[in-house]
Amino acid sequence: MEHLDVSGRFDVHEYRHGLKLLKDDRETMTLSNRKGFACPACGDEFDTLLVSEKRTNTFGNPGTPFCVVRTDDQLLVLTH
């Protein structure tokens, strides 16, 4: 299972072949994991990836387990 490279800055374009864009605004995007990439935090396959460049974020209850990863200037939230 291929892992996402989160060293430095996560580049979503390197993984566009396996991620489907669900929502995008200026500072946040949500993607679906179509290829079965592994979560960089726990190593398990994840379902949805939220990438945020916002300084503050508020999240509701995703209803499933989730992992959080911090890059140099992004917050990644991965639901399982």
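Refer to the structure above for everything that follows.
Below or above, wherever it landed, is the structure these notes cover. (Residues numbered from 1 in each chain as written. Predicted model: local features only at pLDDT ≥ 70, side-chain atom pairs only at ≥ 80, totals over all residues. Heavy atoms only, no water.)

**Some words on the overall build of the chain**
Argument step 1. Of regular secondary structure, the chain possesses zero helices and five strands.
Argument step 2. When the helices and strands of the chain are read in sequence order from the N terminus, they spell out β-β-β-β-β.
Argument step 3. Scaling as 2.2 N^0.38, a compact globule of 80 residues should have a C-alpha radius of gyration of about 12 Å, and the chain matches this with 12 Å.
Argument step 4. Once the C-alpha set of the chain is aligned to its principal axes, its extents read approximately 30 × 25 × 20 Å.
Argument step 5. Classification of the 80 residues of the chain by burial places 36% in the buried group.
Argument step 6. In the chain, of all internal contacts separated by at least 6 residues, the share reaching a separation of at least 24 is 43%.
Argument step 7. Considering the chain, the positive charge centre built from 10 side chains and the negative charge centre built from 13 side chains are found 6 Å apart. (Helix = DSSP H or I, 4+ residues; strand = E, 2+ residues; numbered from the N terminus. Rg over C-alpha atoms; globule rule 2.2 N^0.38 Å. Buried < 20%, exposed > 50% of the residue type's maximum accessible area, 1.4 Å probe, protein only. Contact = heavy atoms within 4.5 Å. Lys, Arg positive; Asp, Glu negative; His and termini not counted. Charge placed at Lys NZ, Arg CZ, Asp CG, Glu CD.)

**Some words on the pairing of strand β3 (residues 48–52)**
Argument step 1. Of all five residues in β3, four are buried; the element is thus mostly enclosed.
Argument step 2. Note: strand β2 (residues 28–33) against β3, five bridges, orientation antiparallel. Each residue of the ladder has a partner; that of Leu31, found in β3, is Leu49. (Pairing = 2+ DSSP bridges.)

**Points about the side chain of Thr71**
Argument step 1. Its place among the elements puts Thr71 in the loop between β4 (66–70) and β5 (75–79).
Argument step 2. You can call Thr71 buried: its relative accessible area is 7%.
Argument step 3. Contacts of Thr71, omitting those with residues within four sequence positions, involve Val6, Gly8, Arg9, Phe10 and Leu76.

**So, the pattern of salt bridges**
Argument step 1. In the structure shown here, the tally under the stated rule is three salt bridges.
Argument step 2. Note that Arg9 is salt-bridged to Asp73, the shortest N-O span being 2.9 Å. Of the two residues, Arg9 sits in the segment before β1 (19–24) while Asp73 sits in the loop between β4 and β5, which places them 64 residues apart along the sequence.
Argument step 3. A residue is classified by how much of its surface remains accessible, and Asp73, at 37% relative accessible area, is partly exposed.
Argument step 4. When salt bridges that share partners are traced, they join Arg9, Glu53 and Asp73 into one network. (Salt bridge = Lys/Arg side-chain N within 4 Å of Asp/Glu carboxyl O.)

**Focus on the sheet that holds β1**
Argument step 1. The strand order across the open sheet built from five strands is β1-β2-β3-β5-β4, with neighbouring strands paired in antiparallel fashion. Unpaired on one side and paired on the other, β1 and β4 mark the two borders of the sheet. Across the sheet, the mean angle separating the axes of adjacent strands is 20° when strand polarity is ignored.
Argument step 2. Relative to β5, β3 is paired through five bridges, and the arrangement is antiparallel. From the neighbouring strand, Leu50 faces β5, where its bridge partner is Val77. (Axes fitted to C-alpha atoms, helices over the stretch in contact; angles between N-to-C directions.)

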